[in-house]
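Structural features, examined
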Amino acid sequence: MRWLRLLGWGLLAYTPILVLSISEHALDAIQVGRAIPWKAILIGRPLEEYTCAAAVPALFWLSERFPIDRHGWARHIPILLFGAMALAVGKYLVFLPLFVPFWHTYYHLPTAQMPMFIASNALNVTFDFASVIGVAHAVQYYQRSRERERSEAALRVRLSQAQLEALKSQLHPHFLFNTLNSVAALMHWDVAAADDMVTQLSELLRETLRHPGTHEIPLSEEIALIERYLSIVRARFQDRLTVVYDVAADVRTALVPHFILQPLVENALEHGIALAPGPGRVAISADRTGDQLRIAVVDDGPGLDASATNGNGVGLANTRARLAELYGEQQGVTLEASHPKGARVTVTLPYHA
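To keep things clear, this report deals only with the structure shown in the data block.

What counts and how
- Residues numbered from 1 in each chain as written.
- Predicted model: local features only at pLDDT ≥ 70, side-chain atom pairs only at ≥ 80, totals over all residues.
- Heavy atoms only, no water.
- Phe/Tyr/Trp six-rings, centres within 6.5 Å; stacked < 30°, edge-to-face > 60°.
- Lys NZ or Arg CZ within 6 Å of the ring centre and 35° of its normal.
- 1 Å grid on protein atoms, 1.4 Å probe; cavity = no way out; pocket = protein on both sides within 12 Å on 5 of 7 lines; lining within 4 Å.
- Points joined across faces, edges and corners; volume = space filled by probe spheres on them.
- Helix = DSSP H or I, 4+ residues; strand = E, 2+ residues; numbered from the N terminus.
- Salt bridge = Lys/Arg side-chain N within 4 Å of Asp/Glu carboxyl O.
- Buried < 20%, exposed > 50% of the residue type's maximum accessible area, 1.4 Å probe, protein only.
- Pairing = 2+ DSSP bridges.
- Axes fitted to C-alpha atoms, helices over the stretch in contact; angles between N-to-C directions.
- Contact = heavy atoms within 4.5 Å.
- Expected span 1.5 Å × (residues − 1).
- Bend = angle between axes of the 7 residues up to and from the residue.

Here we come to the packing of aromatic side chains. Overall, the coordinates contain zero aromatic pairs when judged by the stated rule. Over the ring of Trp3 we find Arg2; its NZ or CZ atom is 4.9 Å from the centre of that ring.

Structure (structure tokens):
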């Protein structure tokens, strides 16, 4: 089918040349005062041009088999020129028996001049075929370039997926180690609470493994995950921790990176609530502004110190890297002081449901 398509393209490409050739021969007859030999022209010119078009698939095959590249150009150019010449000769072996009956009415030349005329035309056709070989190389270079771009794009996607999986996998042990430390501390004064914490932890880990290879889940599912996480850490904070949610109804179906809230909430707990005496409050909110989804986690802890304002801990650094991989320049993470006290982390990403 490919060679038939090439033949079709060859016939199409030679059709404008055919129209120009017919017009040229008709005008030549008018200029010398002869009657236009329409029968000879309308038979001879299509034979001339379309027998050239018939050679296009063979010329493309030669170009693929003997490409002009930096490795084999010195050997391949003579082969291509010889192939073009052989096809030109083959064209006239087909063309001449069909056209001989129209020779005198078409060219008004003696039969003795036919060999020289054909040799001259065969040379012109050889150059014509050489130009087709040039076009074939241009097409092949373009196709290779597109194929290389597609391969590079696929490689970039695979690399990005691998990087996302690596970043995502970093979160689980980080979160797991922190939780196990809390369990170890709790074991000394409340074994039942520690046991419940381990049970909740196993359920949460099972939930996080429900989406292998998936980097985005609906915000409603992400909220459910963070609620299960908070049910674990409440065993540590007891009545000191209050969590409030302000999630707009129209963003609950928005897709967000899997496990994106956990490191933000964990930071609020570890660097906010845990460091402040008395009860503490964490507020989780999400809303939409235009085509941007905004998620914020706010605590009312002691606020930011000089070192914390950089936001370069594992949780925030990982969050920034994941968002950059997924959304490029269309995302952002900001860490700032909250009024009247505490800290606020705001994540913005493209809204899509």
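It is worth spelling out the layout of surface pockets at this point. Here the second largest pocket defines a volume of roughly 380 Å³. Around the second largest pocket, the lining comprises 16 residues; the ones closest to its centre are Leu6, Trp9, Val56, Phe60 and Val135. Listing elements by their share of the lining of the second largest pocket, those giving two or more residues are helix 1 (2–31), helix 3 (56–65) and helix 6 (114–186). Broken down by element, the lining of the second largest pocket gets its largest block of residues, eight residues, from helix 1.

A few words on empty space enclosed by the protein. Scanning all chains against the criterion turns up one cavity of 30 Å³ or more. Of the pockets and cavities examined, the largest cavity occupies roughly 70 Å³. Ser182, Tyr229, Val233, Arg236 and Glu270 are the residues nearest the centre of the largest cavity, which is lined by 11 residues in total. Breaking the lining of the largest cavity down by element, the ones donating at least two residues are helix 6, helix 8 (219–237) and helix 9 (261–271).

Within this structure, the stated rule accounts for three salt bridges. Between Glu147 and Arg150 there is a salt bridge, with its nearest N and O atoms 2.9 Å apart. Placement of both Glu147 and Arg150 in helix 6 is noted, with a separation of three residues, approximately one turn of the helix. One salt bridge in this structure joins Arg294 and Asp287, with 2.8 Å as the shortest N-O distance. By relative accessible area, Arg294 is classed as partly exposed at 35%.

Strands sit in the order 2-4-5-7-6 across an open sheet of five strands; the sheet is mixed. Across the chains shown, the open sheet's two edge strands, defined by having one partner strand only, are strand 2 (241–247) and strand 6 (332–337). On average, each strand axis in the sheet is inclined to that of its neighbour by 15°, with strand direction left out of account. Both strand 5 (residues 292–299) and strand 7 (residues 343–350) contribute to a ladder of eight bridges, which runs antiparallel. Residue pairing across strands places Arg294 opposite Thr348, the latter belonging to strand 7. Along the sheet, helix 9 makes contact with strand 2, strand 4 (280–289), strand 5 and strand 7, crossing strand 5 at roughly 25°.

A few words now on helix 1. Between the first and last C-alpha of helix 1 there are 44 Å, a value that for 30 residues agrees with the 44 Å anticipated at 1.5 Å per step. Of all the bends in helix 1, the largest measures some 30° and sits at Thr15, one to four residues before the proline Pro16. Following helix 1 by one or two positions, Gly33 adopts a phi angle in the positive range, close to 80°.

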